[in-house]
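In case you want the letters, here they are:
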Amino acid sequence: MRFVLFVALALSVTGCTRWSMNHHMNLAYKAYDRGNCEQVMLELSKVDRASRARRYMQPEVSMLRGQCLERQKLFIDAAQTYQFIITQYPNSEYAFRARARLETLQSLGHYPTRSASAIRPSS
């Protein structure tokens, strides 16, 4: 009987954490749609705290964080976030999307290519 109670308790805790992460991700996307990046960052930090044992959430969280940084015109920070995704999760859908965002930032002149940054004249 105790075993069944323990299993039920373990499953309910796991489900609550997953529900909490999904809830905060949904709130983050809604805030992003409204253009409220401060609320997005708050919701993403809640997801980060809840997902420490669920690393599969990190690429999606980082992608949305990078998009908000872009929206706030913090292009270098956004690019570094995208680089993190590419480095840590190279085979994920989010790495593909992060590469596309980096290319867009580079084509708009918001993020230098590696070769251009190496050619920078010294003062």
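The notes below deal with the structure included here. Worth saying up front: this structure is predicted, and the values here are computed from it rather than measured.

## Points about the packing of helix α2 (residues 37-50) against helix α3 (residues 58-71)
Phase 1 of the analysis: Across the interface, α2 lies against α3 with an axial gap of 10 Å and an inter-helix angle of 160°. In terms of orientation, α2 and α3 fall into the roughly antiparallel class. Here α2 runs over α3; the crossing is left-handed. Here α2 contributes C37, V40, M41, L44, S45, V47 and D48 to the contact with α3, which in turn contributes Q58, V61, L64, R65, C68, L69 and R71.
Phase 2 of the analysis: Of the residues in the contact of α2 with α3, the class split is 9 nonpolar, 2 polar and 3 charged.

## As for the packing of α3 against helix α4 (residues 75-88)
Phase 1 of the analysis: Between α3 and α4, whose axes approach to 8 Å, the crossing angle comes to 165°. Considered as vectors, α3 and α4 are oriented roughly antiparallel to each other. For the pair α3 and α4, the sense of crossing is left-handed. Here Q58, P59, S62, M63, G66, Q67, L69 and E70 of α3 lie close against α4, whose contacting residues are F75, D77, A78, T81, Y82, F84 and I85.
Phase 2 of the analysis: Its residues assigned to classes, the contact of α3 with α4 shows 8 nonpolar, 5 polar and 2 charged.

## Some points on the pattern of salt bridges
Phase 1 of the analysis: Within this structure, the stated rule accounts for 3 salt bridges.
Phase 2 of the analysis: For R65, the salt bridge is made with D48, and the minimal N-O distance between the two is 3.0 Å. Separated by 17 residues along the polypeptide, R65 in helix α3 and D48 in helix α2 bring together distant segments of the chain.
Phase 3 of the analysis: For R101, the salt bridge identified is with E70, shortest N-O distance 2.5 Å. Of this pair, R101 sits in helix α5 (residues 93-107) while E70 sits in helix α3, and the two are 31 residues apart along the sequence.

Calculation rules
- Residues numbered from 1 in each chain as written.
- Predicted model: local features only at pLDDT ≥ 70, side-chain atom pairs only at ≥ 80, totals over all residues.
- Heavy atoms only, no water.
- Axes fitted to C-alpha atoms, helices over the stretch in contact; angles between N-to-C directions.
- Helix = DSSP H or I, 4+ residues; strand = E, 2+ residues; numbered from the N terminus.
- Parallel < 35°, antiparallel > 145°, perpendicular 65-115°, else oblique.
- Left-handed = near helix turned anticlockwise from the far one by under 90°.
- Contact = heavy atoms within 4.5 Å.
- Nonpolar A, V, L, I, M, F, W, Y, C, P; charged D, E, K, R; others polar.
- Salt bridge = Lys/Arg side-chain N within 4 Å of Asp/Glu carboxyl O.

Limitation: the analysis is restricted to geometry and does not speak to function.
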